[in-house]
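Chains, contacts and geometry: an overview
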Amino acid sequence: LQRIAIPLKRNLFPLFVRHDHNQIYGRQIYGQFDGCDQLTTIDLAGGIHKTVALLHMESWRTEMNTEIDRINQVLPTTPTNEKTDEIRQWMDAVIDKMDHYKAEHHR
């Protein structure tokens, strides 16, 4: 698995329980892509790119495109067991930034 396309959505990945070999009780983690050492590219599906193109200021569009592209810069060097967390944190950062710019736009 090298490339995936996913929608930009909070809480897209559910928690699941991982049991380590000496552990009676599992711990809840986000690990859907942990172990996918070849995963290097995320494409966003849906209308986010159209939304970014409609942002009022060019600097906002540039910042959003930079943030969207950031995951594909860091994912190749992200440790295999941290891929899902990295993707989740990136998605939250993109959503937070977009929410901020939308609020600014409607002022």
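Above this text is the structure in question.
Values in this document were obtained by computation on a predicted structure and should not be read as measured data.

What counts, and where the lines are drawn
- Residues numbered from 1 in each chain as written.
- Predicted model: local features only at pLDDT ≥ 70, side-chain atom pairs only at ≥ 80, totals over all residues.
- Heavy atoms only, no water.
- Helix = DSSP H or I, 4+ residues; strand = E, 2+ residues; numbered from the N terminus.
- Buried < 20%, exposed > 50% of the residue type's maximum accessible area, 1.4 Å probe, protein only.
- Areas by Shrake-Rupley, 256 points an atom, 1.4 Å probe, with all protein chains shown as cover.
- Salt bridge = Lys/Arg side-chain N within 4 Å of Asp/Glu carboxyl O.

Counting secondary structure elements, the protein chain contains 3 helices and 4 strands. Per-residue burial for the protein chain yields a buried fraction of 30% across its 107 residues. Taken as a whole, the protein chain presents about 6,900 Å² of accessible surface, with 49% of it coming from carbon and sulfur.

To continue, consider the pattern of salt bridges. When their charged atoms lie close together, side chains carrying opposite charge are able to pair. What the rule picks out here adds up to 7 salt bridges. The shortest N-O distance in the salt bridge between aspartate 99 and arginine 10 comes to 3.9 Å. Of this pair, aspartate 99 sits in helix H3 (residues 83–105) while arginine 10 is found in the loop between strand E1 (3–7) and strand E2 (16–18), placing the two residues 89 residues apart along the sequence. By relative accessible area, which is 38% here, aspartate 99 ends up partly exposed. One salt bridge connects glutamate 86 with arginine 70, and the closest N-O pair in it is separated by 3.8 Å. With glutamate 86 in helix H3 and arginine 70 in helix H2 (residues 58–74), the pair connects residues that are 16 residues apart, well separated along the chain. What you see here is one network of salt bridges that share partners, running through Arg10, Asp92, Asp96 and Asp99.

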